[in-house]
Amino acid sequence: MSLRINDTAPDFTTETTQGTINFHEWIGDGWAVLFSHPKDFTPVCTTELGYMAGLDPEFKKRNVKIIGLSVDPVESHGKWAADIQETQGHAVTFPMIGDPQLKVAKLYDMLPADAGDTSEGRTAATNATVRTVFVVGPDKKIKLTLSYPMSTGRNFDEVLRVIDSMQLTASHKVATPVNWRSGEDVIILPSVSEEEAKAKYPDGWRAPKPYLRIVAQPK
């Protein structure tokens, strides 16, 4: 069965470029982004890893840890990291999971159960479904999943935007409208009564329709 939003993120213990980790323990009381790659030394993923390395400070501001996965061994990741820094201008400072037995990829339904048990002989094409992003919350629940085709680089600014929304809406009874960015107006949830809304927002709100109550982002 495929993983869905609000499912508990499967826990695992594995080797990374920064030593052995237990995923849930590593997340701790913060958030995490797990993003996967079909194979080391693939061109699109090289650009993605470099970009994420540049964004790492922004994720840290939001108490979000980053971890990457590729089905090749950890030793291979270290060599790839040198290429990433040389070509993209950013050093990869977050851990990269080595998954040569495909255990994590299959645990997260990024490869079918009959994909075998080794990365040996596999190509990026045979690992095509390993192009997924998972955002996991402090409760260890999956908050977001994104799967991309092989030929299209992922938009990690969008992942950051969605995390801003999820962290805001976890603390306030609001939703964020289309293309929302932090600091812009939000929508009061339909489940919030008029009386509760007036108490929360004494300066009022705009309501082009009774069910569409638009208000400044809560502080």
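In case you missed it, the structure is sitting above this.
Please read all numbers here as calculations on a predicted model, not as lab measurements.

Enquirer: I tried to follow the packing of helix α2 (residues 43-61) against helix α3 (residues 74-88) on my own but got confused; where do I start?
Expert: Packed helices, taken two at a time, are described by their axes: the angle between them and the distance between them. One can describe the packing of α2 onto α3 by two numbers: an axis separation of 9 Å at closest approach and a directional angle of 75°. Accordingly, the angle class assigned to the pair α2 and α3 is roughly perpendicular. Residue-level contacts link Cys-45, Thr-46, Thr-47, Leu-49 and Gly-50 of α2 to Trp-80, Ile-84, Thr-87 and Gln-88 of α3. Per-class residue counts for the contact of α2 with α3 are 4 nonpolar, 5 polar and no charged.

Enquirer: So what exactly am I meant to see when it comes to the sheet that holds strand β11 (residues 212-215) here?
Expert: Sheet strands associate in pairs through backbone hydrogen bonding, adopting either a parallel or an antiparallel arrangement. Here 4 strands make up an open sheet; going across it, the order is β8-β9-β11-β10 and the pairing antiparallel. Every other strand in the sheet has two partners, leaving β8 (174-175) and β10 (206-209) as the edge strands with one partner each. Bridge analysis of strand β9 (residues 186-188) against β11 gives 2 bridges, and the strand direction is antiparallel. Paired with Ile-187 across the bridge in β11 is Ile-214.

Enquirer: Is there a simple way to explain the nonpolar core in this structure?
Expert: One broad rule of soluble globular proteins: the nonpolar side chains tend to lie buried together. Ranked by size, the top nonpolar core spans 24 residues in total, and within it Val-33, Phe-35 and Phe-59 carry the most contacts. Elements supplying a minimum of two residues to this core: β3 (31-37), α2, β4 (64-70), α3, β6 (132-136) and α5 (156-171). When near neighbours in sequence (up to four residues on either side) are disregarded, Phe-35 contacts Leu-49, Met-52, Ile-66, Ile-67, Gly-68, Leu-69, Phe-94, Thr-132, Val-133, Arg-154 and Phe-156. By size, the runner-up hydrophobic cluster in this structure holds 22 residues, among which are Phe-23, Val-104, Val-130 and Phe-134.

Conventions adopted
- Residues numbered from 1 in each chain as written.
- Predicted model: local features only at pLDDT ≥ 70, side-chain atom pairs only at ≥ 80, totals over all residues.
- Heavy atoms only, no water.
- Axes fitted to C-alpha atoms, helices over the stretch in contact; angles between N-to-C directions.
- Helix = DSSP H or I, 4+ residues; strand = E, 2+ residues; numbered from the N terminus.
- Parallel < 35°, antiparallel > 145°, perpendicular 65-115°, else oblique.
- Contact = heavy atoms within 4.5 Å.
- Nonpolar A, V, L, I, M, F, W, Y, C, P; charged D, E, K, R; others polar.
- Pairing = 2+ DSSP bridges.
- Core = buried A, V, L, I, M, F, W, Y, C linked by side-chain atoms within 4.5 Å.
- Buried < 20%, exposed > 50% of the residue type's maximum accessible area, 1.4 Å probe, protein only.

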